[in-house]
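Per-entry structural report
What follows is each chain in one-letter form.
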Amino acid sequence: MKKHVSVLMLFAGSTFWKVLGILALLTVADWGILYYFSTQQAMLDQIFNYGFWVFLVVSALMTWVLARVGCAYGSQTGYTVWRLRISEKSYFLWQSLYNTMCYFVLWAVQAAVLYGFAIWYTTTADPSRIGEQTIFLGFYRSQFAHAVLPIEDVWMWVRNVTVFIGMGVTSAHFSYQQRFGRHGNEVMVMLVLLEMCFRRNLEDGSMDIFAIIMAVCLIALALYRGLKWRSDDENTY
């Protein structure tokens, strides 16, 4: 078990400060944009939608950071994995778990920023624009905020969980494939799917079903390609 814990520590040591910086960037940039548009006398749900552009950039940056861990860009990363004395399959699964956790933290921070801003908005905005259900309606009417916190929309919760797991698995699969000179482009498709989900029309419920099916298929494909041990991979070391 100790060698597996060492793998998690390796991932954390490689990305902790980068991920923390990305989360700080999300918080500061998101709050700044939301604050700017709050001065334009806009309603809360309209203000929320501008946060999507920050999320788009930050999620792409998070993917770039996580997907590069374990890639053999000018280094003998394969030998590092070998010294850990775990199989490539175990390394891939642990990286998938770690990356998925990072994406869930990103989701949680984004939700916390939006909710924190909503509370601040209700205490500082013009009383004529504030009601007892301002926060609820803001999250219900905004495409982006509703995607982050779907409230009672069960399918959107399932979609979010599935898509973020997909991001974690496919970003880990990217580095696995790169170490052996192959391509793991599933993460690119997942990233596009993620951005589509957080910008979809609130009336288009079919998008959630499509996203779930696509994410499950991409997860299955990445796991199949990542866990199918090949002799040429083993002989690389």
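The written sequence of each chain sets the order in which its residues are numbered from 1. Local features in this predicted model are restricted to residues whose pLDDT is 70 or higher, and side-chain atom pairs enter the listing and the counts only when it is 80 or higher, whereas totals over whole chains, interfaces and linings include all residues. Think of the side-chain values as coming from all heavy atoms in the structure, minus any hydrogens and water.

Here we come to the nonpolar core. Among buried residues, the Ala, Val, Leu, Ile, Met, Phe, Trp, Tyr and Cys ones that are joined through side-chain atoms within 4.5 Å form a nonpolar core. When accessible area is computed with a 1.4 Å probe and restricted to protein chains, residues below 20% of their type maximum are described as buried, those above 50% as exposed, and intermediate ones as partly exposed. One finds Phe48, Met62, Leu106, Leu114, Leu194 and Phe198 to be the most contacted residues of the largest nonpolar core, which totals 58 residues. For this core, the secondary structure elements donating two or more residues are helix H1 (2-38), helix H2 (44-49), helix H3 (51-68), helix H5 (88-124), helix H7 (143-148), helix H8 (154-179), helix H9 (186-197) and helix H10 (206-227). For this core, the element with the highest residue contribution is H5, accounting for 14 residues. The contact partners of Leu114, leaving out residues within four places of it in the chain, are Asp30, Leu34, Phe48, Phe139, Phe144, Ala145 and Val148. Numbered from the N terminus, helices here are DSSP runs of H or I no shorter than four residues, and strands are runs of E no shorter than two. In this analysis, two residues are considered to be in contact whenever any of their non-hydrogen atoms come within 4.5 Å of each other.

Inspection of the secondary structure puts Lys228 in the loop between H10 and helix H11 (231-234). Among the residues examined, Lys228 registers a relative accessible area of 31% and is labelled partly exposed. With 139 residues separating them in the primary sequence, Lys228 and Lys89 have C-alpha atoms 8.1 Å apart. If near-sequence neighbours (up to four positions away) are discounted, Lys228 is found in contact with Tyr176 and Leu223.

On to the confidence of the model for the chain, then. For the chain, per-residue confidence averages 86 on the pLDDT scale, and residues scoring 70 or more make up 88% of the total. Summary of the metric used: pLDDT quantifies the predictor's per-residue confidence within the range 0 to 100. The lowest-confidence element of the chain is H11, averaging 46 in pLDDT; the highest-confidence one is H7, averaging 95. For the stretch residues 230-237, pLDDT sits under 50, and the model shows 13 contacts to residues farther than four places along the chain or on other chains.

Moving on: H9. The span expected for a helix works out to 1.5 Å for each residue beyond the first. The end-to-end C-alpha separation of H9 is 16 Å, in line with the 16 Å expected for twelve residues at 1.5 Å each. Of all the residues in H9, the buried ones are Glu186, Val187, Met190, Leu191, Leu193, Leu194, Glu195 and Cys197. Elements that come into contact with the buried residues of H9 comprise H3, H7, H8 and H10.

Turning our attention to the packing of aromatic side chains. Side-chain rings of Phe, Tyr and Trp (the six-membered ring for Trp) are treated as a pair once their centres are within 6.5 Å; stacked means planes under 30 degrees apart, edge-to-face means over 60, and tilted covers the remaining angles. Counted according to the given criterion, the structure contains 22 aromatic pairs. With centroids separated by 5.1 Å and ring planes inclined at 80°, the aromatic side chains of Phe16 and Trp17 adopt a geometry described as edge-to-face. Between the aromatic rings of Tyr115 and Phe139, the centroid separation amounts to 6.4 Å while the plane-to-plane angle is 40°, which identifies the pairing as tilted. On the criterion of sequence distance, the pair formed by Tyr115 in helix H5 and Phe139 in helix H6 (residues 134-141) is long-range, its members being 24 residues apart. A cation over a ring is seen here: Arg159 above Phe198, with NZ or CZ 5.6 Å from the ring centre. In our convention, an over-ring charge means Lys NZ or Arg CZ found within 6 Å of a ring centre and within 35 degrees of that ring's normal.

Here the focus is the pattern of salt bridges. Whenever a carboxyl oxygen of Asp or Glu lies within 4 Å of a side-chain nitrogen of Lys or Arg, that contact is scored as a salt bridge. Taken as a whole, this structure holds three salt bridges when the rule is applied. Taking the shortest distance from any N to any O, the salt bridge between Asp208 and Arg159 comes out at 2.9 Å. With Asp208 in helix H10 and Arg159 in helix H8, the pair connects residues that are 49 residues apart, well separated along the chain. The exposure class of Asp208 is buried, given its relative accessible area of 2%. Through salt bridges that share partners, Arg159, Arg200 and Asp208 make up one connected network.

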